[in-house]
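This is what each chain is made of:
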Amino acid sequence: MHFQSYEFSTLRQALQGGWRIARATRTVSVLYSLLFVGGGALIGGLLLWQGWAPFMFAAAGAFMLLGPVFLAGFFGIARAWETRGHADIAAVLAGFRAASPALWVLSLVCALLFMIFVTDAAILYAYMVGGEPVSGWEAAGVERFVRWSALSGLVVALLLYTVSAFAVPLLCERRCGLVEAVATSVRVVFSRLPLALLWGALLGSVLIGSALLLPLLPLTLPWLAYASRELYRAVLPAKV
């Protein structure tokens, strides 16, 4: 599949376009995002209750491994806004119904990588911090756990980002099958690797920070989801 080259200005325009759509659809976008806020609050509350406060960094990072699958809902919202001038919560379901069944295969890959990372992080936590409840960040081994779990998560996240960054949008719009979508995503990422890594770092840092500061997530999640869609459309424009 042919794709367009992209520059730093393309990333900036994608962020601007994503913010425009997020503002235009803010009500339904925030409502959809609240699902993730509720899940994050539940997980964070359980970790604090169990005395695993340092594990919250790993849990926030793990969100990035599952995030790509839920882009279909934001695609549905954006599509409804572009075609009808407004969007409601039904557009989220329409986005998932319109996506290729192969998206669920990719979602299983995301889930598998998620489980691998969480299991690895839990082993590191037990080895470096121990099983006793931790109320603060000064406990022995916490800094070492955060450093090594971040390194482990970075490796997994880079792998998933490379295969899904452009594959998920392609599958959301049913433009090709799973194998071609993944191959195209890898080609696009490696064609401009420094810019692709910059984009991935921006997405990761903002979303992980927002997952740790949950009130920010309903604002940043739609913005970056729509920005990713704008970048995808600039790099892989649909044939008229």
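Rules of the game
- Residues numbered from 1 in each chain as written.
- Predicted model: local features only at pLDDT ≥ 70, side-chain atom pairs only at ≥ 80, totals over all residues.
- Heavy atoms only, no water.
- Helix = DSSP H or I, 4+ residues; strand = E, 2+ residues; numbered from the N terminus.
- Expected span 1.5 Å × (residues − 1).
- Buried < 20%, exposed > 50% of the residue type's maximum accessible area, 1.4 Å probe, protein only.
- Patch = residues over 30% accessible without salt bridge, like charges linked within 9 Å, V, L, I, M, F, W, Y side chains within 5 Å.
- Areas by Shrake-Rupley, 256 points an atom, 1.4 Å probe, with all protein chains shown as cover.
- Salt bridge = Lys/Arg side-chain N within 4 Å of Asp/Glu carboxyl O.
- Axes fitted to C-alpha atoms, helices over the stretch in contact; angles between N-to-C directions.
- Parallel < 35°, antiparallel > 145°, perpendicular 65-115°, else oblique.
- Left-handed = near helix turned anticlockwise from the far one by under 90°.
- Contact = heavy atoms within 4.5 Å.
- Nonpolar A, V, L, I, M, F, W, Y, C, P; charged D, E, K, R; others polar.

(A) Examining helix α7 (residues 142–164) more closely. With 23 residues, α7 should reach 33 Å at 1.5 Å per residue; the first-to-last C-alpha distance of 31 Å fits that figure. Listed as buried for α7 are V142, F145, S149, S152, G153, V156, L160, Y161, T162, V163 and S164.

(B) Inspection of a nonpolar patch on the surface at higher detail. A cluster of nonpolar side chains, namely W148, L151, L154, V155, L158 and L197, defines an oily patch on the protein surface of about 550 Å² accessible area. Per element, the largest residue contribution to the nonpolar patch is five residues, and it comes from α7. Among the structural elements, V155 can be located in helix α7.

(C) Highlighting the packing of helix α4 (residues 71–84) against helix α5 (residues 90–98). Contact geometry of α4 with α5 gives a least axis separation of 7 Å together with a crossing angle of 115°. Our classification of the angle between α4 and α5 gives roughly perpendicular. Helix-helix and strand crossings are classified by hand; for α4 and α5 the assignment is right-handed. Residues A72, G73, G76, I77, R79 and A80 of α4 touch α5, and the partners they reach there are A91, V92, G95, F96 and A98. A breakdown of the residues in the contact of α4 with α5 according to their chemical character gives seven nonpolar, three polar and one charged.

Just geometry here; none of it tells us what the structure is for.
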